[in-house]
Amino acid sequence: MKKKLILPVAFIMAANFLIAQTLQQGVKQMQMENYQSAMKIFKHLVTAESLNADNYYQLGNLYCTLGKFDSAKIIYNQGITNAPKSYKNYIGLGKILLGENKSDEAMAQFAKAKSLASAKDINYYIDMADAYSSAKTPTGSEAVNWCKKGEEITTKEPGLYIAYALAYLSMNQTGNAVTNFENAARLDATLAYPNEQIGQIWLSAKNYQQALEYLTKAKNSDSTFATIYRDLAETYYNMNKVDDAT
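Conventions we followed
One numbering rule holds for all chains: residues counted from 1, following each sequence as written. Reporting in this predicted model follows two pLDDT cut-offs: at least 70 for local features of residues, and 80 or more for side-chain atom pairs to be given and counted; totals over whole chains, interfaces and linings ignore these cut-offs and use all residues. Hydrogens are left out, water is left out, and the side-chain values use all remaining heavy atoms of the structure. Classification of ring pairs rests on two measures: the distance between centres of Phe, Tyr or Trp rings, Trp counted by its six-membered ring, which must be within 6.5 Å, and the angle between planes, read as stacked under 30 degrees, edge-to-face over 60 and tilted in between. The numbering of helices and of strands both runs from the N terminus, where a helix is a DSSP run of H or I of at least 4 residues and a strand a run of E of at least 2. Burial status follows relative accessibility: with a 1.4 Å probe on protein chains alone, a residue under 20% of its type maximum counts as buried, one over 50% as exposed, and anything between as partly exposed. We call a charge positioned over a ring when the NZ of a Lys or the CZ of an Arg lies within 6 Å of the ring centre and within 35 degrees of the ring normal. The set of buried Ala, Val, Leu, Ile, Met, Phe, Trp, Tyr and Cys residues whose side-chain atoms join them within 4.5 Å is what this entry labels a nonpolar core. Any pair of residues with heavy atoms lying within 4.5 Å of one another is described as a contacting pair. Nitrogen and oxygen atoms within 3.5 Å of one another constitute a polar contact, given that in protein one can donate a hydrogen and the other can accept it, and given that sequence-neighbouring residues count only through two side-chain atoms. Angles shown run from 0 to 180 degrees and are taken between the N-to-C directions of axes, each axis being a line fitted to C-alpha atoms and, for helices, limited to the stretch in contact. Here roughly perpendicular refers to angles of 65 to 115 degrees, roughly parallel to angles under 35, roughly antiparallel to angles over 145, and oblique to all remaining angles. Left-handed is the label given to a crossing in which the near helix is rotated counterclockwise from the far helix by less than a right angle, and right-handed is the label when the rotation is clockwise. Residues are grouped as follows: Ala, Val, Leu, Ile, Met, Phe, Trp, Tyr, Cys and Pro are nonpolar; Asp, Glu, Lys and Arg are charged; all remaining types, including Gly, are polar. Along the chain, pLDDT gives the predictor's confidence residue by residue, from 0 to 100. Just to be clear on terms, a salt bridge is a Lys or Arg side-chain nitrogen sitting within 4 Å of an Asp or Glu carboxyl oxygen.

**Digging into the packing of aromatic side chains**
Stage number 1. Counted under the stated rule, the structure contains 9 aromatic pairs.
Stage number 2. An angle of 40° between the planes, with centres 6.3 Å apart, marks the rings of tyrosine 57 and tyrosine 76 as tilted. With tyrosine 57 in helix H3 (residues 53-65) and tyrosine 76 in helix H4 (residues 69-82), the pair connects residues that are 19 residues apart, well separated along the chain.
Stage number 3. Using a relative accessible area of 1% as the deciding quantity, one classes tyrosine 57 as buried.
Stage number 4. A relative accessible area of 0% means that tyrosine 76 is categorised as buried.
Stage number 5. On the basis of an interplanar angle of 40° and a centroid distance of 5.6 Å, the ring pair of phenylalanine 110 and tyrosine 132 is categorised as tilted. Highlighted residues: phenylalanine 110 in helix H6 (residues 103-116) and tyrosine 132 in helix H7 (residues 122-133), separated in sequence by 22 residues.
Stage number 6. Note on phenylalanine 110: relative accessible area 6%, which makes it buried.
Stage number 7. Chaining the aromatic ring pairs together yields one cluster made of Tyr87, Tyr124, Tyr125 and Trp146.
Stage number 8. Between the NZ or CZ atom of lysine 149 and the centre of the ring of tryptophan 146, over which it lies, the distance is 4.1 Å.

And the structure:
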């Protein structure tokens, strides 16, 4: 059973509650590696809410996750055209340019994003951290720096600590990643993703008892988070509990 340990992810706060919920459903599908469903959700939102920059940003992020960077560029540019006062899609373009080793061009996009962002918007710092940690060539230390700047704004946003964790994972610093996933889970007990990621870390380390502990926590938080069951199956199999794995 093979899986990706690191799944870039950016958590969004949208003005319209219903749209935010739908976006979060798409993000959850990405986290569960159900990319086809995520694609359907984001494409629907781009059509239904064509002036919402978040829709383009998440769709672009999904294309990046799939390695379809040309498609991501097109979507980010569409987002800029339709929502020019949002910083989101400038960050997306900057992330792609970082992966292309076009540092000066990336910095120009990030500068534009900064000019449009509120200094108190925690999602700006989360998105900037994601740009560095999930770029084709990650720079985890820079992502951590952006998380630290965000922490000066608030220490109550679980998405910030997920961004921290993903930054540390991009540098293979699993201990720091676990600490920050735990921080995220404490801030929002309904999120399965942080504990599932910790479970995956312990599973990769062949510490199956610890993996089982955190995957069980994840299942208790959200029993609909499908990849938990894959990870539990692999954990039980490696513990020689074949019936439980089945």
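**Regarding the nonpolar core**
Stage number 1. Core analysis: the largest hydrophobic core is formed by 71 residues, its most contacted members being Phe42, Ile91, Phe110, Tyr124 and Phe181.
Stage number 2. Among the elements that make up this core, the one with the highest residue count is helix H9 (residues 158-170) (10 residues).
Stage number 3. Once you skip the residues sitting within four places of it in the chain, phenylalanine 110 turns out to touch Ile91, Gly94, Lys95, Leu98, Met128, Ala131 and Tyr132.

**Things to note about the environment of glycine 26**
Stage number 1. Residue position: glycine 26 is located in helix H1 (residues 17-31).
Stage number 2. Through-space distance from the C-alpha of glycine 26 to that of isoleucine 41 is 5.7 Å; in sequence the pair is 15 residues apart.
Stage number 3. Discounting residues that sit within four places of it in the chain, glycine 26 has contacts with Ala38, Ile41 and Phe42.

**Describing the side chain of asparagine 55**
Stage number 1. With respect to the helices and strands, asparagine 55 occurs in helix H3.
Stage number 2. Given the relative accessible area of 0%, asparagine 55 is considered buried.
Stage number 3. Among the polar contacts made by the side chain of asparagine 55, one reaches the main-chain carbonyl oxygen of glutamate 49 at a distance of 3.0 Å.

**A word on the packing of helix H8 (residues 140-151) against H9**
Stage number 1. Relative to each other, H8 and H9 sit at 160°, their axes nearing to 8 Å. Relative to H9, H8 is oriented roughly antiparallel. In this structure, the crossing between H8 and H9 has a hand that is left-handed. Across from Gly140, Ala143, Val144, Cys147, Lys148, Gly150 and Glu151 in H8, the residues of H9 making contact are Leu160, Tyr161, Ala163, Tyr164, Ala167, Tyr168 and Ser170.
Stage number 2. Classifying every residue of the contact of H8 with H9 by side-chain character gives 9 nonpolar, 3 polar and 2 charged.

**With respect to the confidence of the model for the protein chain**
Stage number 1. Residues of the protein chain with pLDDT of at least 70 account for 91%, and the chain-wide mean is 93.
Stage number 2. Low pLDDT, under 50, characterises residues 1-18; the stretch is placed with 63 contacts to residues that sit more than four places away or in other chains.

**Quick notes on the pattern of salt bridges**
Stage number 1. Applying the stated criterion across every chain yields a total of 9 salt bridges.
Stage number 2. Aspartate 54 is paired through a salt bridge with lysine 88; the nearest N and O atoms lie 3.7 Å apart. Residue aspartate 54 is found in helix H3, and its partner lysine 88 is found in helix H5 (residues 88-99); the two are separated by 34 residues along the sequence.
Stage number 3. In this structure aspartate 54 comes out as buried when scored by relative accessible area, which is 10%.
Stage number 4. The exposure class of lysine 88 is buried, given its relative accessible area of 5%.
Stage number 5. The salt bridge partner of aspartate 231 is arginine 230, with a shortest N-O separation of 3.1 Å.
Stage number 6. On the accessibility criterion, aspartate 231 (0% relative accessible area) is buried.

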